[in-house]
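# Report on the structure
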Amino acid sequence: MKGFYRSRYTTPAGEVRYAAVTQFEATDARRAFPCWDEPAIKATFDISLVVPKDRVALSNMNVIERKPYPDDENLVEVKFARTPVMSTYLVAFVVGEYDFVETRSKDGVCVRVYTPVGKAEQGKFALEVAAKTLPFYKDYFNVPYPLPKIDLIAIADFAAGAMENWGLVTYRETALLIDPKNSCSSSRQWVALVVGHELAHQWFGNLVTMEWWTHLWLNEGFASWIEYLCVDHCFPEYDIWTQFVSADYTRAQELDALDNSHPIEVSVGHPSEVDEIFDAISYSKGASVIRMLHDYIGDKDFKKGMNMYLTKFQQKNAATEDLWESLESASGKPIAAVMNTWTKQMGFPLIYVEAEQVEDDRVLKLSQKKFCASGPYGGEDCPQWMVPITISTSEDPSQAKLKILMDKPEMSVVLKNVKPDQWVKLNLGTVGFYRTQYSSAMLESLLPGIRDLSLPPVDRLGLQNDLFSLARAGIISTVEVLKVMEAFVNEPNYTVWSDLSCNLGILSTLLSHTDFYEEIQEFVKDVFSPIGERLGWDPKPGEGHLDALLRGLVLGKLGKAGHKATLEEARRRFKEHVEGKQILSADLRSPVYLTVLKHGDGATLDIMLKLHKQADMQEEKNRIERVLGATLSPELIQKVLTFALSEEVRPQDTVSVIGGVAGGSKHGRKAAWKFIKDNWEELHNRYQGGFLISRLIKLSVEGFAVDKMAGEVKAFFESHPAPSAERTIQQCCENILLNAAWLKRDADSIHQYLLQRKTSPPSV
C-alpha cells in the first residue's frame, strides 16, 4: 500500500476489480516517477494520465483537457492544471470507478466527496463537514484555501487513516463514509476529526511544509490539535475537548513515561526512521503541547502568530524554530525557551505539591521531577521543564485563580484568601502536559469533588488518570486507586467513564495472569452496573451523541464482564437481529457482538463470520473484525487467526483482528504471539517498512506480564529484524517488564482488597 499501487474492490454486482491509487508519504513518490523525493525540494507539477475512458481520473488539480488517445480508442488522455510549488510526497493520482457528491463552500471552492459506486449517499456527512471546515480554517489562519478545488476520496486498500495530498485527500472507507442507518456515533465523530485533520494540512503542511522529517511532528501535532478545534466549531454537542484528554493526552503520557520514548523532535537519517516517528509522540504529544501552548499564549495572539508564519513561509519550507519565532513576536512571551524544553527532550514532569494554611492564605510548595513509568526518578541530572501551571480552588472550579510559569525545580506560591475548608487543584482543564502528585491531605480534600461532581469533568478525569499512572509506576498503591474509582458512582460524563474503563481494562489484562481474575470482573460489574441501570438499552427522548457513546461503552463493559442481565438481553437482541426481526441500532452492535461472542460457542462465531461476509459496509466489517478476538475456546481462536490472513479481510484490517485476539484473553495473547511468529514472513512482506507492522507488534505483545516474555520477544526480533518497528519493540519489552513488576508489587494487596470488599461492601 505504498507508491503507485493497485487497490482491489468488488463491484455491486460482485465482480472483483482494481483501482490505481497513490500513497507517497514519506518517501514513495520515487516509486512512481523519478524525482528528488525530499520535502524541501519543491516543484510545480504538470500531470497527464492516459486511462480507460470509462474510468474516473483524478489528481491534485482540476482537469483542463480530456481528449481521445490516438493509439487506442478505449483510452483517453486527461490533463490537469499546473500545481503550485509543492513537495513530491503530496502529489497524488487515482484511477478507478467512483460516484461523487459535490457542493461549493461559502468561499466558492468546489468540494467533492468520491465514494464507491452506488454509495454517493454515504459521502454527504463528510461533504457537509468539509464545506464548513474550509471557511473555518480560512478565517482562523486568515489565508484563503490555495487551490480551485478539493476532492476527498475513499480508497478500499489503504494503510493509514487518510493522507492530505494537496487538493486530493485519500481516506480509508471507514474514515470518510457514513451511512445514516448503519453508522454508529463514534464513526461520525471519527470522520469529522479525520476530515478536520486532513483539511488543516492543506495550509499547515502543504502550503508551508516542514524543512525535513525531523519537523514532521509540527505537521502532525498541529493538525491533530486543530482537528479538535474544528470539530468543536462544527459539533459543539460532542464535547470534543474533554475527549481529547482521554484520546490523545493520556495516550501520549503513557508512552512518554517509558525509558524508550523519544523527544518530539528526532533527527532522521534513513527512510525507515521516518516511518518510525508516525507515532503517539509526534501526533498526540505534539497536539498536547500545542494545546498547552495555545492556552499559554491565548487564542488572539496565537491566531496572529499563525498568520505571520503561514504568510511568511507560504510555498516554502519551515522548521519548528520558525513557528516559535512568529508566535513569540505575536505574543511577547518566551515561546522558544518554554517549548524547547517540551520538544527537544523526551518525557514530562511529575509535579509534587503540598499545601499549608497560613492565616487567610494557602501556601503551596511545588517541586518537579521527570515522571518515569518505572517509579521515582533516580538519575543524576534530572531534566527540567518550563511548565505553565494553572491553579483553581473550590470557590470557582472552572476558573484559574493563579497562572504561573514554573521554570525551576522547586518553588512556593501563595494563594490569597483561600479558606481552610476549600480545596486547591493544579492543572485546570488538564491542559498542562504533566502529572500531579498531591500530599495525602490535599488529595483527601479533592475526592468529595468527584462524588458531588463539583470538580469539572475533565478535572475528574485528570485526577483519576494521574492516580492510576502513579499506581502503575509503584509510587502509590493500586488499592488507593480502586477506592477512588468507586467514588465515580454518580458520574454522568461519557469521557470520564471512557478513561476509567480504559484503566480498568489495563488492570483486568494484568490480573488475567493471576488466579483471581474473576474478582476484578466482579469489581467492574459493581462499578458499571448503577450507570448501566440508569441508561438502559434504548435511547430516551432528547438524548444526544454522548449518551449514545456512553451506552455502548457501559453495556460493552458489563457484557464482557459477564453481568447476567446484560448478557441475557444481549443474546435476545442478537437473535432478533440475526433473524431480521429487529435490526440492532449501529451504536449497540459492538457491545452486543462482543458480549455474545465472549460468552458464546462455535455457532455464534459462525453467525458472526456470516454477518461479516454479508456486510456491504466496511464499517460493519471492521466492527465485526475488532470483536472476533473475544471468543474464548482455543480452536475458535485459531479459526479467527486464520481468518485474519484470509482474502475476506482487507490487508490493513488484519492487524486489528490479530490485535483483538491478543487483547481478548490470556490464551488469545499466547496464540496471537505464536501466530505472528509462525506467519512472520508473510506479515513482514505485507507491511514492511510501514507503521502497520509497529501497530501489529504493539497490539499483540504488550499485555504480557512475565519477565521471560520480554526476553523472548527481544530474541525473536533480533533474528527477524523489523527496522521500522525497532523502537516499538523496545517499548513493548519495557512494558512487559513493568507489568511483571507491577504484578509482583501489588497483586496480593489488590486480591486482599477485592476479597474484603465482598465481605463488607462499601457504604455509598
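Residues numbered from 1 in each chain as written. Predicted model: local features only at pLDDT ≥ 70, side-chain atom pairs only at ≥ 80, totals over all residues. Heavy atoms only, no water.

## What to know about the overall build of the protein chain
Within the protein chain, the secondary structure is distributed over 27 helices and 21 strands. Taken against the 2.2 N^0.38 rule, which gives 27 Å for 764 residues, the C-alpha radius of gyration of the protein chain at 26 Å falls within 12% of a compact globule. When its C-alpha atoms are laid out on the principal axes, the protein chain stretches across 90 × 65 × 60 Å. Within the protein chain, contacts between residues at least 6 apart in sequence are counted, and of these 69% link residues at least 24 apart. For the protein chain, the computed accessible surface area is about 30,000 Å², with 52% contributed by carbon and sulfur atoms. Considering the protein chain, the positive charge centre built from 85 side chains and the negative charge centre built from 102 side chains are found 3 Å apart. (Helix = DSSP H or I, 4+ residues; strand = E, 2+ residues; numbered from the N terminus. Rg over C-alpha atoms; globule rule 2.2 N^0.38 Å. Contact = heavy atoms within 4.5 Å. Areas by Shrake-Rupley, 256 points an atom, 1.4 Å probe, with all protein chains shown as cover. Lys, Arg positive; Asp, Glu negative; His and termini not counted. Charge placed at Lys NZ, Arg CZ, Asp CG, Glu CD.)

## Considering the UniProt feature "site: Transition state stabilizer" (unreviewed entry) in the protein chain
Mapped onto this numbering, the UniProt entry annotates "site: Transition state stabilizer" (unreviewed entry) at Y283. Looking at where Y283 falls in the secondary structure, it is placed in helix α6 (residues 281-297). On the basis of relative accessible area, Y283 is assigned to the partly exposed category, the value being 23%. In this structure, Y283 is in contact with H197, E220, G221, S224 and F278, ignoring residues within four places of it in sequence. (UniProt positions renumbered as here; feature names shortened; annotations may be inferred. Buried < 20%, exposed > 50% of the residue type's maximum accessible area, 1.4 Å probe, protein only.)

## What about the pattern of salt bridges?
Pairing is possible between side chains of opposite charge, provided their charged atoms come close. Evaluation of the coordinates by the stated rule reveals 50 salt bridges. Between K344 and E265 there is a salt bridge, with the nearest N and O atoms lying 3.5 Å from each other. Taken as a pair, K344 in the loop between α9 (335-343) and β15 (349-358) and E265 in the loop between α4 (240-256) and α5 (271-276) lie far apart in primary sequence, 79 residues in all. We note a salt bridge from E682 to R686, for which the minimum N-O separation is 4.0 Å. Taken together, the residues E682 and R686, both in helix α24 (residues 680-687) and four residues apart, mark about one turn of the helix. Owing to a relative accessible area of 39%, E682 belongs among the partly exposed residues under this scheme. What you see here is one network of salt bridges that share partners, running through E15, R17, D54, R55 and E97. (Salt bridge = Lys/Arg side-chain N within 4 Å of Asp/Glu carboxyl O.)

## Re the pairing of strand β7 (residues 93-96)
Every second residue of β7 is oriented toward a common face, with F93 and V95 on one face and V94 and G96 on the other, all of them buried. Pairing between strand β4 (residues 56-59) and β7: four bridges, direction antiparallel. Residue pairing for β7: A57 is matched across the bridge by V95. (Pairing = 2+ DSSP bridges.)

## Looking at the sheet that holds strand β16 (residues 361-370)
Spatially, four strands are ordered β19-β16-β15-β21 in an open sheet, and the strand pairing comes out mixed. Either end of the sheet is taken by a strand with one partner, and the two such strands are β19 (410-415) and β21 (435-438). The mean inter-strand angle of the sheet, taken between neighbouring strand axes irrespective of direction, is 25 degrees. Where β15 meets β21, four bridges bridge the pair, whose relative direction is parallel. From the neighbouring strand, L350 faces β21, where its bridge partner is R435. (Axes fitted to C-alpha atoms, helices over the stretch in contact; angles between N-to-C directions.)

## A closer look at unusual backbone geometry
Peptide bonds are trans in most cases, and residues, glycine excluded, mostly fall at negative phi. With omega at 10 degrees, the peptide bond leading from E25 into A26 counts as cis. Along the polypeptide, A26 turns up in the loop between β2 (16-23) and β3 (48-52). At N142, a residue that is not glycine, the phi angle is positive and equals roughly 55 degrees. In this structure, N142 sits in the loop between α1 (124-141) and β10 (149-155). On the basis of relative accessibility, which here comes to 59%, the residue N142 falls in the exposed class. One non-glycine residue, T430, adopts positive backbone phi at about 50 degrees. As for its position among the elements, T430 is in the loop between β20 (424-426) and β21.

## Here we look at the UniProt feature "active site" (unreviewed entry) in the protein chain
Those places that UniProt annotates as "active site" (unreviewed entry) correspond, in this numbering, to E198. By the secondary structure assignment, E198 is in helix α2 (residues 185-201). Not counting chain neighbours up to four residues away, the residues in contact with E198 comprise A162, M163, E164, V169 and Y171.

## Notes on the packing of aromatic side chains
Summed over all chains, the structure comprises 38 aromatic pairs. Here the guanidinium or amino end of R6 rests over the ring plane of Y18, the centre of that ring lying 3.8 Å away. Taking the ring centre of F100 as reference, the NZ or CZ of R112 above it sits at 3.9 Å. (Phe/Tyr/Trp six-rings, centres within 6.5 Å; stacked < 30°, edge-to-face > 60°. Lys NZ or Arg CZ within 6 Å of the ring centre and 35° of its normal.)

## Side note on the sheet that holds strand β18 (residues 402-406)
Read across the sheet, three strands follow the order β18-β17-β20 without closing on themselves; strand pairing throughout is antiparallel. Looking at the sheet topology across the chains shown, the edges are occupied by β18 and β20. Going across the sheet, the axis of each strand differs from the next one's by a mean of 25 degrees, ignoring polarity. Bridge count between strand β17 (residues 387-393) and β20: three bridges; the pairing is antiparallel.

## Some details on α6
If you check α6, its first and last C-alpha atoms are 22 Å apart, about what 17 residues at 1.5 Å a residue would give, namely 24 Å. α6 sits mainly inside the fold: 15 of its 17 residues count as buried. (Expected span 1.5 Å × (residues − 1).)

## Describing the side chain of T430
Judged by relative accessible area, which is 4%, T430 ranks as buried. The contacts of T430, once residues within four sequence positions are left out, are V245, Y249, R291, V458, D459 and G462.

## Regarding helix α18 (residues 586-598)
Every α-helical turn comprises 3.6 residues, leaving residues that sit three or four positions apart pointing alike. In this model, α18 (13 residues) spans 19 Å end to end at C-alpha, consistent with the 18 Å of a helix rising 1.5 Å per residue. With eleven of 13 residues buried, α18 lies mostly within the body of the structure. Looking at the buried side of α18, the elements it contacts are α15 (517-535), α16 (545-560), α17 (564-578), α19 (602-614) and α20 (618-627).

## Focus on the packing of α6 against helix α7 (residues 299-313)
With their axes 6 Å apart at the nearest point, α6 and α7 run at an angle of 115 degrees to one another. In terms of orientation, α6 and α7 fall into the roughly perpendicular class. Taken together, the residues of α7 that come into contact with α6 (itself represented by I290, L293, H294 and I297) are D299, D301 and F302. A breakdown of the residues in the contact of α6 with α7 according to their chemical character gives four nonpolar, one polar and two charged. (Parallel < 35°, antiparallel > 145°, perpendicular 65-115°, else oblique. Nonpolar A, V, L, I, M, F, W, Y, C, P; charged D, E, K, R; others polar.)

## Here we look at the packing of helix α12 (residues 457-472) against helix α14 (residues 494-511)
Packed helices, taken two at a time, are described by their axes: the angle between them and the distance between them. Two elements in contact, α12 and α14, have axes whose closest approach is 9 Å; the angle formed by their N-to-C orientations is 10 degrees. It follows that α12 is roughly parallel to α14 by the angle criterion. Where α12 crosses over α14, the handedness of that crossing is left-handed. Counted together, P457, L461, Q464, N465, F468 and R472 of α12 and T495, V496, D499, L500, N503, I506 and L507 of α14 form the full contact between these two elements. Residue composition of the contact of α12 with α14, by class: seven nonpolar, four polar and two charged. (Left-handed = near helix turned anticlockwise from the far one by under 90°.)

## Overview of the state of the cysteines
Within this structure, the stated rule accounts for zero disulfides. Sulfur of C234: no disulfide; nearest cysteine sulfur belongs to C230 and is 4.5 Å away. A relative accessible area of 9% places C234 in the buried class. (Disulfide = S-S within 2.5 Å.)

## Some details on the domain arrangement of the protein chain
Parsing the protein chain into structural domains produces domain 1 (3-210), domain 2 (221-344), domain 3 (348-452) and domain 4 (600-763). Computed from C-alpha atoms alone, the centre-to-centre distance between domain 1 and domain 3 is 47 Å. (Domains from an automatic or database assignment.)

## Some remarks on the side chain of T88
Mapping T88 onto the fold places it in the loop between β6 (75-80) and β7. At 2.7 Å, the side chain of T88 forms a polar contact with the side chain of D37. Those residues in contact with T88 that sit more than four places away from it in its chain are F24, A29, C35, W36, D37, E38 and F45. (Polar contact = N/O pair within 3.5 Å; in protein donor to acceptor, adjacent residues only side chain to side chain.)

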